[in-house]
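Each chain is listed here by its residues.
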Amino acid sequence: MTSELVAPAAASTRSRRGRGSTLTRGSGLGLGIAVTWFSILVLIPLALVVVQAVGGGWSVFADTLTNSQTWDALVLTVVEALLVTAVNVVMGTVIAWVLVRDRFPGKRILEVVIDIPFALPTIVAGLVLLSLYGPDSPLGIDVSNTRAAVFLALLFVTLPFVVRTVEPVLIELDPEVEEAAASLGASRATTLRRVVLPALAPAITAGAALSFARGISEYGSLVLLSGNLPHRTEVASVRILTYIENDKPEQAAAVAVLLLVVALAAIVSLQLVSRWVARRG
Amino acid sequence: MARYSAPPVTTGTWVRRVLVVGYLFLLVVWPVALVVSTTFDNGLGNLSDAFSDPDVVYALQLTVYAAFWAVVINTVFGVGISLLLVRYEFPGRRTLSALIDLPLSVSPVVVGLAILLAYGGENGFFGPALTGIGLQVAYAPLGIILATAFVSLPLVIRELVPVLEEIGVEQEQAATSLGANAWQTFRRITLPSIKWALLYGVVLSLARSLGEFGAVKIVSGNVASQTQTATLVVEQKYQDFEQGTAYATSFLLALIAVAALVVVTILRPKEDHDGD
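Fair warning: this is a prediction, and the values are worked out from it, not measured in the lab. Every chain is numbered on its own, with residues counted from 1 as its sequence reads. Each chain is given a letter, starting from A, and each ligand a number, starting from 1, according to the order in which they appear as written. Under the rules for a predicted model, residues below a pLDDT of 70 receive no local features and side-chain atom pairs below 80 are neither given nor counted, while totals for whole chains, interfaces and linings still include all residues. For the side-chain quantities, the full set of heavy atoms in the structure was used; hydrogens and water were omitted.

Below, the discussion takes up the overall build of chain B. A count of helical and extended segments in chain B gives 13 helices and zero strands. Each helix and strand of chain B, ordered N terminal to C terminal, gives the series α-α-α-α-α-α-α-α-α-α-α-α-α. By principal-axis analysis of the C-alpha atoms, chain B measures approximately 70 × 65 × 30 Å. Buried residues are those whose accessible area, probed at 1.4 Å on protein chains only, stays under 20% of the maximum for their type, while exposed residues exceed 50% and partly exposed ones sit between those limits. Evaluated residue by residue, chain B yields a buried proportion of 51% over its 276 residues. By sequence separation, contacts in chain B at least 24 residues apart represent 70% of the contacts at least 6 residues apart. The way it works is that DSSP assigns letters per residue, a run of H or I at least four long becomes a helix, a run of E at least two long becomes a strand, and they are numbered from the N terminus. By definition, residues are in contact when any of their heavy atoms lie within 4.5 Å.

So this is what it looks like as structure tokens:
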């Protein structure tokens, strides 16, 4: 989200100052310190993950992928993240719609409720879900140690993404355009399909990409809830952790890099879908 | 949206209301409420059990200590880099501003792996050199601070950059032309106009830092009363069937998270009026 906020500023700064560097000696020193710190903390460690994975060569990737436990974990992770993202696309858009267009007492409380999954520590999120959907469930629904638990945990932690990306766009979207479409004889469904949906598509896509990326990398909320049963409820993050604990950093790094590739592929394909929907509008 | 007359309330409106409220109730409100009621199901017993458990008390102290330093580091770094990104032009600026967001999209487990690969005592890239000068990063509080600083790094910057762009440079230039030095300009002109955004960013960083689990689990070694943080204690106590203590510690963490959220919600309307 920040990158979108930063992009227009980059253009305006450039036109104001012209090309090249405007750094003074002091700010240049500050930049040097900041970039060094950022490299020490983030860039070098992350680069080492890629180096570790690639350094082992194709054989490590092949070995890691042909490990049936790892393969099952990767498939489960991707499938569950896709399912959760699909639910978020629908429910997130409906929630954003109600928050923006509807008015009723207590709506502001809903705004806070939406952000709770962001604010809660992930391990607490797992415990929270376990209290309603675990062995002592007052509803009599016990999903702990099943694949439904993975689904539920991902649904919880990714709740805010689509809502929070669609909301601002919906606020900007002028209801008069919809009224105009309606007055020209368009049905409610046609207005939604031809006017509202194309306008919201980029935001929904951005939210879906964030939700999917978070879904495939989730760990904390699953620990207490899913039981981490091999071949059943074990996700990719848990495989990475197991590889680290067994002192196999190459395999851990290989799974990490695979997840990164999957996330990038998802973001690119969602962009394509978004463009297609926007063009049809 | 307040400018338009309220849309007519139709059957569809009610269907959507019930759907949204029911969904959020079942997914968030009821489960969170249950954690609160389970914590207090024997009065204050669970909380006093938790506070009389030295492992829990140690973990809470360690968590606050690590979160404090991570937030201090991220605040200083965040203010500095936000000013550099918005106020200056230099080669690679766009790349840097894109890379800053990286920590938010990396799995906590991968963050842990990355820090071990760089700073692990024996096999880490910098590990042996740091051990040589007597610094232990992995399986020590320093590693916990690094992991925490990593995951919460972009939060202050994400709040500051849009506000700095919004306020522009005119006032700062005026101050400079009147003879103020860089520090005076920052303290008298820039800081007052970014203070709410800064506070917002700090609160978000603090909440994120107190709640980090995955990265810290890998980097810290998770040894009770040595490198075990509050979130790790929740896991351990739950698995040791000390559910009361697990719930009480979770309640404390959730309380801090929700308090942070409420502070942020109160501060937010100063920046964007959504007409509500």
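Text resumes after the structure shown.
Turning our eyes to something else, we now look at a nonpolar patch on the surface. On the surface, a cluster of nonpolar side chains totalling about 380 Å² of accessible area is made up of A:Leu139, A:Ile141, B:Phe25, B:Leu26 and B:Val29. Among the secondary structure elements, A:Ile141 is positioned in the loop between helix H6 (122–133) and helix H7 (147–157). Looking at A:Ile141, the relative accessible area reads 38%, which means it is partly exposed. Patches were defined on residues exceeding 30% relative accessible area and lacking a salt bridge, with like-charge contacts within 9 Å and nonpolar side-chain contacts (Val, Leu, Ile, Met, Phe, Trp, Tyr) within 5 Å. For the area figures, the Shrake-Rupley method with a 1.4 Å probe applies, and any residue is considered shielded solely by the protein chains shown. Counted as salt bridges are all cases of a side-chain nitrogen of Lys or Arg within 4 Å of a carboxyl oxygen of Asp or Glu.

On to the nonpolar core, then. Counting 159 residues, the largest nonpolar core has A:Ile95, A:Leu120, A:Phe156, A:Ile240, B:Leu24 and B:Leu113 as its most contacted members. Looking at this core element by element, the count peaks at 14 residues for helix H8 (residues 141–167) of chain B. Once residues lying within four places of it in the same chain are set aside, the contact partners of A:Ile240 are A:Ala252, A:Val255, A:Ala256, A:Leu259, B:Val109, B:Val110 and B:Leu113. In these notes, a set of buried Ala, Val, Leu, Ile, Met, Phe, Trp, Tyr and Cys residues joined through side-chain atoms within 4.5 Å is what counts as a nonpolar core.

Time to look at empty space enclosed by the protein. Residue and element names in this part refer to chain B. Only protein atoms enter the calculation, which uses a 1 Å grid: trapped sets of points that fit a 1.4 Å probe without letting it out are cavities, open sets showing protein on both sides within 12 Å along at least five of seven lines are pockets, and any residue with an atom within 4 Å of a point is a lining residue. Grid points are joined across faces, edges and corners, and a volume is the space filled by probe spheres set on the points. Counted according to the given criterion, the structure contains four cavities of 30 Å³ or more. Taken as a whole, the largest cavity holds about 50 Å³ of empty space. Around the largest cavity sit Thr 63, Ala 66, Ala 67, Ile 144, Thr 148, Ser 209, Leu 210, Glu 212, Val 216 and Thr 229, which together line it. Listing elements by their share of the lining of the largest cavity, those giving two or more residues are helix H3 (54–87), H8 and helix H10 (182–211). Among the elements that take part in the lining of the largest cavity, H3 stands out by supplying three residues, more than any other. Polar here means any residue other than Ala, Val, Leu, Ile, Met, Phe, Trp, Tyr, Cys and Pro, which are nonpolar, and Asp, Glu, Lys and Arg, which are charged; Gly is therefore polar. Class assignment of the residues belonging to the lining of the largest cavity gives a composition of five nonpolar, four polar and one charged.

Not every positive phi belongs to a glycine, and A:Asn228 is a case in point at roughly 50°. Structurally, A:Asn228 can be placed in the loop between helix H11 (223–226) and helix H12 (236–245). Of the residues examined, A:Asn228 reaches a relative accessible area of 22% and is grouped as partly exposed. In the Ramachandran plot, B:Tyr139 falls in the positive-phi region, its phi being about 60° despite a non-glycine side chain. With respect to the element layout, B:Tyr139 can be found in the loop between helix H7 (127–132) and H8. Residue class for B:Tyr139 comes out partly exposed when judged on its relative accessible area of 45%.

A few words now on helix H5 (residues 107–119) of chain A. All names here are of chain A. What a helix should span is 1.5 Å times the count of its residues minus one. Compared with an ideal rise of 1.5 Å per residue, which puts 13 residues at 18 Å, H5 spans 19 Å between its outermost C-alpha atoms and is within 8% of the ideal. The buried fraction of H5 is high, at 10 of 13 residues. All of the buried residues along H5 are Lys 107, Leu 110, Glu 111, Val 112, Val 113, Ile 114, Asp 115, Ile 116, Pro 117 and Ala 119.

Okay, the side chain of A:Thr64 next. All names here are of chain A. Position of Thr 64 among the secondary structure elements: in helix H3 (residues 57–66). Accessibility expressed as a relative area gives 1% for Thr 64, which makes it buried. Those residues in contact with Thr 64 that sit more than four places away from it in its chain are Thr 70, Tyr 243, Gln 251, Ala 254 and Val 255.

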